[in-house]
Amino acid sequence: MRKKITIVCLTLVAMVSMAVVSACDPDMKHCEGTDSPYWCSSAKVCCAYQYHDGHGTCWSTMSACRSTGYACTACHLED
């Protein structure tokens, strides 16, 4: 009985590991084909401008973004 439980557990661990590894695609383009070419990885959104305030708004300058009082992050163009 113990041997069967061990086999089932190892099979489940292997399946979960394979799912996690296959879900990671380093070449995935998030913003391809959109009008928002900047990827904001911290907020996981595409922006039309380079800065994001973390509350759903994109900004063209860091100073304008900071004027909201939120912590702003820089977004990057995807290669």
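Please refer to the structure higher up on the page.
Student: So what's going on with the environment of Cys-75? Residues and values would help.
Tutor: Within the secondary structure, Cys-75 sits in the loop between strand 5 (73–74) and strand 6 (76–77). Taking the C-alpha atoms as reference, Cys-75 lies 9.4 Å from Pro-37; in sequence the two are 38 residues apart. Apart from residues no more than four positions distant in its own chain, Cys-75 is found in contact with Tyr-38, Trp-39, Cys-40, Gln-50, Tyr-51 and His-52.

Student: Please give an account of the sheet that holds strand 3 (residues 51–52) that cites residues and values.
Tutor: An order of 4-3-5 is seen for the three strands of this open sheet, with the pairing classed as antiparallel. This sheet does not close on itself; its edge strands, each paired only once, are strand 4 (58–59) and strand 5. Of the pairings in the sheet, the one linking strand 3 to strand 5 comprises two bridges and is antiparallel in character. Note on strand 5: the bridge partner recorded for Tyr-51 is Ala-74.

Student: I'd like a rundown of the environment of Tyr-51, residues and numbers included.
Tutor: Looking at the secondary structure, you find Tyr-51 in strand 3. Under the relative-accessibility criterion, Tyr-51 is labelled buried at 16%. Counting along the chain gives 13 residues from Tyr-51 to Tyr-38, while the straight-line C-alpha distance between them is 8.6 Å. Beyond its immediate sequence surroundings of up to four residues, Tyr-51 is in contact with Thr-57, Cys-58, Trp-59, Ser-60, Thr-61, Met-62, Cys-65, Thr-73, Ala-74 and Cys-75.

Student: Give me a nonpolar patch on the surface: which residues, what numbers.
Tutor: Among the surface-exposed residues, Val-8, Leu-12 and Met-15 lie close enough to one another that they form a single nonpolar patch of about 300 Å² accessible area. Locating Met-15 in the fold gives a position in helix 1 (residues 2–23).

Student: Give a detailed account of the sheet that holds strand 2 (residues 45–47), specifying residues and quantitative values.
Tutor: If you trace the three strands from one edge of the open sheet to the other, you get 2-1-6, paired in antiparallel fashion. With one partner strand each, in any of the chains shown, strand 2 and strand 6 form the two edges of the open sheet. Sheet topology note: the strand 1 (residues 38–40)/strand 6 ladder contains two bridges and is antiparallel. Within the sheet, the bridge partner assigned to Tyr-38 lies in strand 6 and is Leu-77.

Student: Describe the state of the cysteines, listing the residues and the values that go with them.
Tutor: By definition, a disulfide links two cysteine residues through a covalent bond between their sulfur atoms. Enumeration over the complete set of coordinates arrives at four disulfides. Disulfide partner of Cys-47: Cys-58, at an S-S distance of 1.9 Å. Negative torsions about the S-S bond denote left-handed disulfides, and the value of about -70° found for Cys-47 with Cys-58 makes this one left-handed. Placement of Cys-47 in strand 2 and of Cys-58 in strand 4 is noted, with a sequence separation of eleven residues between them.

Rules used in this analysis
Residues numbered from 1 in each chain as written. Predicted model: local features only at pLDDT ≥ 70, side-chain atom pairs only at ≥ 80, totals over all residues. Heavy atoms only, no water. Helix = DSSP H or I, 4+ residues; strand = E, 2+ residues; numbered from the N terminus. Contact = heavy atoms within 4.5 Å. Pairing = 2+ DSSP bridges. Buried < 20%, exposed > 50% of the residue type's maximum accessible area, 1.4 Å probe, protein only. Patch = residues over 30% accessible without salt bridge, like charges linked within 9 Å, V, L, I, M, F, W, Y side chains within 5 Å. Areas by Shrake-Rupley, 256 points an atom, 1.4 Å probe, with all protein chains shown as cover. Salt bridge = Lys/Arg side-chain N within 4 Å of Asp/Glu carboxyl O. Disulfide = S-S within 2.5 Å.

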